[in-house]
Amino acid sequence: MSRAPLLLTRRTVATILVEDELPDLQGAFDCDPEAGMFCAVGEDRAALERLDPAMAAVANDPERLRALVAGAEARGFAFDD
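Owing to the predicted nature of the structure, the values given are computational and were not obtained by experimental measurement.

Engineer: Could you give an account of the overall build of the chain, with specific residues and numbers?
Structural biologist: What the chain contains, in helices and strands, is three helices and two strands. Along the chain, helices and strands appear, N-terminal first, in the series α-β-β-α-α. On the principal axes, the C-alpha backbone points of the chain span a range of 45 × 25 × 25 Å. Across the 81 residues of the chain, 25% fall into the buried class. The long-range share in the chain, meaning contacts at least 24 apart out of those at least 6 apart in sequence, stands at 57%. Accessible surface computed for the chain: about 5,600 Å², of which carbon and sulfur atoms make up 53%. In the chain, the 8 positive side-chain charges and the 16 negative ones have mean positions that sit 4 Å from each other.

Below, the structure is given as structure tokens:
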């Protein structure tokens, strides 16, 4: 049985990335996506500056993105995109 392809928002990727690789950033920013744009907002500039290259690295490496999603699926992450 095959399943429908998983369509991810950048907000979901950011959530999984923080949970898996940057847990100290939890609660340091909020996501405010609009019209296909990803926007992370928060008072902690250092946290935002760490999130930026981490998101870019995942976005530019399909294998890393697949691994991140597979790990989230394995632990029961609720994809609600």
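Engineer: So what's going on with helix α3 (residues 62-74)? Which residues, and what values?
Structural biologist: The end-to-end C-alpha distance of α3 is 18 Å, a good match for the 18 Å that 13 residues give at a rise of 1.5 Å each. Of all the residues in α3, the buried ones are L68, V69 and A72. For α3, the arc enclosing every buried residue in end-on projection is 95 degrees, short of the 170-degree limit, so these residues lie on one face. Counted as exposed and oriented over 90 degrees from the buried face of α3: E63 and A74. Looking at the buried residues of α3, the elements they touch are α1 (10-21) and α2 (45-59).

Rules used in this analysis
Residues numbered from 1 in each chain as written. Predicted model: local features only at pLDDT ≥ 70, side-chain atom pairs only at ≥ 80, totals over all residues. Heavy atoms only, no water. Helix = DSSP H or I, 4+ residues; strand = E, 2+ residues; numbered from the N terminus. Buried < 20%, exposed > 50% of the residue type's maximum accessible area, 1.4 Å probe, protein only. Contact = heavy atoms within 4.5 Å. Areas by Shrake-Rupley, 256 points an atom, 1.4 Å probe, with all protein chains shown as cover. Lys, Arg positive; Asp, Glu negative; His and termini not counted. Charge placed at Lys NZ, Arg CZ, Asp CG, Glu CD. Expected span 1.5 Å × (residues − 1). Arc of directions from axis to C-beta.

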